[in-house]
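Architecture at a glance
Next come the chains, spelled out residue by residue.
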Amino acid sequence: MTILIEQTKLESVGQLSNKTQTLLSLIPQGEQWLQVMLNDKEHTVSFASEAAFIEEVGPGLRDTSLIYFPNLNLTVGIQALSAMSESELILFIRSDASSNNAAMNKLFSEYRLINDEAFKVLNPQLINQPLRWSSTFDENIQLYQSLSYADGQFDVSQSVKQEASEWAQEQAQTLAEFGDYYCFYLALYNDSDGNARTLNGILAQLQPVVLDNLDCPIATYELDQKALQRAIEQWQAEGNTLGFSTLSAGLLNVGLNLNLKSTESIESQAESYIASIQSVLKNQLATDSYINQSGKCRHYEYSLSDRTILLNLNAIGCLSLFSDRPKAV
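None of the values given here were measured: they were computed from a predicted structure.

Together, Asp-212, Asp-215, Glu-267 and Glu-271 line one region of the surface with negative charge. By the element assignment, Asp-215 lies in the loop between helix H12 (196-211) and helix H13 (225-237). You can call Asp-215 exposed: its relative accessible area is 53%.

Next up, the structure:
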């Protein structure tokens, strides 16, 4: 197979940068596969960059872009690894999960990594088996983030958590949706007395509002902080709102900002919230940006005094509002 990278023919592994060779070595049989492909001259494939090339090796060879580090008990998408420096990758290879390595701890924090041990918080007793059958690694990450947020934000009994789980399973089709609905239930539990009929009624009122706010702009290039802000300003100037990533994400974002004791209607509160968050995004610069652990998207983080907002830029360039979570008082 003739492989062209940036219009240059790849003749040997040694032509690749040290970082790309390191990434290739992390893919089981990756180096051997590449040598076999280079010996086959029948077909030609072209890649815009070495990053684009390495991101396709895993799916083509093993039908997955995930890399497992047994020394760290850690799974990471190749896209997230590509965002790291060569020295950071070498640190991943040489470190051990049992050692208290300050440099490694910094990397875990910087790239928002979760090791497999931490996923034990995903209590199988809370979630029925069918939701797990088709779950992806990315959905497990989202579920972990939702359950971790719920544990830190809502002081409720185990019986209430079980009620929230049962209600969420009635609404959800995926693990990510389960996490959203689980948090939604707990966020409104006190004011609704955990009444499923009340919560179902709130959902029915919110769904048309959220469904009307799912449009998102398409970014054709990677955005820095200022380019991101300009893209949002331009989108809004055309009369649009930056839409939610999914229906359940939108419902949770709105739900976390509802006051059921207010005399203002649910729909009116939802519209007010959506207008206010658009203003925040227009007038604030993102404080950080990173590829998420599964490698499925880039997150833009706004760490504000009272909340943390995440925007999501997915593989097709759709920019959307992923989460808006108030911080614990």
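The strand order across the open sheet built from four strands is S6-S7-S8-S9, with neighbouring strands paired in antiparallel fashion. The two strands at the open ends of the sheet, each matched to only one other strand, are strand S6 (288-291) and strand S9 (319-326). Across the sheet, the mean angle separating the axes of adjacent strands is 20° when strand polarity is ignored. Sheet topology note: the strand S8 (residues 307-314)/S9 ladder contains seven bridges and is antiparallel. What sits directly across from Ile-309, in S9, is Asp-324. Strands in contact with H13 are strand S7 (297-303), S8 and S9; relative to S7, the strand with the most contacts, it is inclined by about 90°.

Quick look at the packing of aromatic side chains now. Two measures describe an aromatic ring pair: the distance that separates the ring centres and the angle between the ring planes. In this structure the tally under the stated criterion is nine aromatic pairs. Ring centres of Phe-178 and Tyr-182 lie 5.8 Å apart, and the angle between their planes is 20°; on these two criteria the pair is classed as stacked. Pair noted here: Phe-178 and Tyr-182 are both in helix H10 (residues 175-187), with a separation of four residues, about one helical turn. Ring geometry for Tyr-185 and Tyr-189: centres 6.1 Å apart, planes at 35°, overall tilted. A connected cluster of aromatic rings, assembled from ring pairs, spans Trp-167, Tyr-181, Phe-184, Tyr-185 and Tyr-189.

Turning next to the sheet that holds strand S3 (residues 44-47). The three strands are arranged S2-S1-S3 in an open sheet whose pairing can be described as mixed. The open sheet has two free edges, formed respectively by strand S2 (8-9) and S3, since each of these has just one partner strand. The pairing of strand S1 (residues 2-5) with S3 spans four bridges and is classified as parallel. Across the sheet, residue Leu-4 finds its bridge partner in S3, namely Ser-46.

With that out of the way, let us pick up the pairing of S7. Burial of S7 is extensive: six of the seven residues sit out of reach of the surface. Pairing between S6 and S7: four bridges, direction antiparallel. Each bridged residue has a counterpart across the sheet, and for Tyr-290 the counterpart in S7 is His-299. In this antiparallel pair of consecutive strands, S6 and S7, the connection spans five residues, and Gly-295 shows a positive phi of 85°. Note: S7 against S8, seven bridges, orientation antiparallel. Opposite His-299, over in S8, you have Asn-312 as the bridge partner. Counting the residues between successive antiparallel strands, the hairpin from S7 to S8 contains three residues.

The N-to-C vectors of helix H5 (residues 86-94) and helix H6 (residues 102-110) enclose an angle of 115°; their axes lie 11 Å apart at closest approach. Considering the angle they form, H5 stands roughly perpendicular to H6. As for how H5 packs across H6, the hand of that crossing is left-handed. Every residue of H6 that contacts H5 at Glu-88, Leu-91 and Phe-92 is listed here: Ala-103, Met-104, Leu-107 and Glu-110. Residues belonging to the contact of H5 with H6 are distributed by class as follows: five nonpolar, no polar and two charged.

Right, let's get into the packing of helix H1 (residues 18-26) against helix H3 (residues 50-62). One way to put it is that H1 packs onto H3 with a least axis distance of 10 Å and a crossing angle of 5°. The pairing of H1 with H3 is recorded here as roughly parallel in orientation. Side by side, H1 and H3 meet where Thr-20, Leu-23 and Leu-24 of the first sit next to Glu-50, Ile-54 and Val-57 of the second. Split into classes, the residues belonging to the contact of H1 with H3 amount to four nonpolar, one polar and one charged.

Thresholds, definitions, all that
Residues numbered from 1 in each chain as written. Predicted model: local features only at pLDDT ≥ 70, side-chain atom pairs only at ≥ 80, totals over all residues. Heavy atoms only, no water. Patch = residues over 30% accessible without salt bridge, like charges linked within 9 Å, V, L, I, M, F, W, Y side chains within 5 Å. Areas by Shrake-Rupley, 256 points an atom, 1.4 Å probe, with all protein chains shown as cover. Salt bridge = Lys/Arg side-chain N within 4 Å of Asp/Glu carboxyl O. Lys, Arg positive; Asp, Glu negative; His and termini not counted. Charge placed at Lys NZ, Arg CZ, Asp CG, Glu CD. Helix = DSSP H or I, 4+ residues; strand = E, 2+ residues; numbered from the N terminus. Buried < 20%, exposed > 50% of the residue type's maximum accessible area, 1.4 Å probe, protein only. Pairing = 2+ DSSP bridges. Axes fitted to C-alpha atoms, helices over the stretch in contact; angles between N-to-C directions. Contact = heavy atoms within 4.5 Å. Phe/Tyr/Trp six-rings, centres within 6.5 Å; stacked < 30°, edge-to-face > 60°. Parallel < 35°, antiparallel > 145°, perpendicular 65-115°, else oblique. Left-handed = near helix turned anticlockwise from the far one by under 90°. Nonpolar A, V, L, I, M, F, W, Y, C, P; charged D, E, K, R; others polar.

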